[in-house]
Amino acid sequence: MLPPPEVREHEGILVVRDDLIEGGTKVRVAPRLLSSSDEWVFAGPAQGYAQLALAIACEQAGKRAVFFTAKRSKPMPLTMRSLEHGLRVVQVPYGRISHVQAKARAYCEASGAAFIELGLKLPGMEDALVELASALPI
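Residues numbered from 1 in each chain as written. Predicted model: local features only at pLDDT ≥ 70, side-chain atom pairs only at ≥ 80, totals over all residues. Heavy atoms only, no water.

Student: Help me understand the nonpolar core in this model?
Tutor: What tends to happen in soluble globular proteins is that the nonpolar side chains get buried as a cluster. With 25 residues, the main nonpolar core has Trp 40, Phe 42, Leu 54, Ile 116, Leu 120 and Leu 122 as its most contacted residues. Ranked by residues supplied to this core, first place goes to helix 2 (residues 50–61) with 8 residues. Those residues within four positions of Phe 42 in sequence are excluded, and the remaining contacts are Ala 50, Leu 54, Val 66, Phe 67, Phe 68, Ile 116, Glu 117, Leu 118, Gly 119 and Leu 120. (Core = buried A, V, L, I, M, F, W, Y, C linked by side-chain atoms within 4.5 Å. Buried < 20%, exposed > 50% of the residue type's maximum accessible area, 1.4 Å probe, protein only. Helix = DSSP H or I, 4+ residues; strand = E, 2+ residues; numbered from the N terminus. Contact = heavy atoms within 4.5 Å.)

So this is what it looks like as structure tokens:
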């Protein structure tokens, strides 16, 4: 169970500090949005936070997470953390984002896995985040 979002005031501005939980805000809602597939595929930048959020959400939901990214000589720190949560990484040579996403989509077509758009746009994510934000004590 995750702690509630922490709200802090800084010079009259309220700040929600959900960066204090591993995976960030989307980890609060993503696990319950993963029921329509056993495997979820995201294609994005190696330094992006979505890979960690997806890995944690899939781990919690008992699903497989696959991350397509441009090939690198050394994994980024977020990728290393994501691997600890069961993320499978597919490195794509000559990895412009359009090429990486094309490879990920082809994988999904062949395997039946579900593809996730940039921003970790899972079906129902926007509504779930609105519900979460509406419940904040502010």
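Student: For this particular structure, what's the right way to read the packing of aromatic side chains?
Tutor: By convention here, two paired aromatic rings are described through the distance between centres and the angle between planes. This model, assessed by the stated rule, comprises 2 aromatic pairs. For the ring pair Phe 42 and Phe 67, a centre distance of 6.1 Å and an interplane angle of 10 degrees mean the geometry is stacked. Taken together, the positions of Phe 42 in strand 3 (residues 39–43) and Phe 67 in strand 4 (residues 64–70) put the pair 25 residues apart, joining distant regions of the chain. Each member of the pair, Phe 42 as well as Phe 67, carries the same accessibility label: buried. (Phe/Tyr/Trp six-rings, centres within 6.5 Å; stacked < 30°, edge-to-face > 60°.)

Student: Is there a simple way to explain the pairing of strand 5 (residues 88–92) in this structure?
Tutor: Along a regular strand, successive side chains alternate from one face of the sheet to the other. Two strands pair when backbone bridges link them, and strand 4 and strand 5 are joined in this way by 5 bridges, in the parallel orientation. Of the residues in strand 5, the one forming a bridge with Ala 70 is Val 92. Viewed along the sheet, the connection from strand 4 through helix 3 (residues 77–83) into strand 5 turns out right-handed. (Pairing = 2+ DSSP bridges. Right-handed = clockwise from strand over helix to strand, strands pointing away.)

Student: Teacher, can you tell me more about unusual backbone geometry here?
Tutor: Note: most residues except glycine have negative phi, and most peptide bonds are trans. Despite not being glycine, Glu 11 shows a phi value in the positive range, around 50 degrees. Assignment of secondary structure puts Glu 11 in the loop between strand 1 (7–10) and strand 2 (13–16). If you check the backbone angles, Leu 120 has positive phi at about 55 degrees while not being a glycine. In this structure, Leu 120 sits in the loop between strand 6 (114–116) and helix 5 (125–134).

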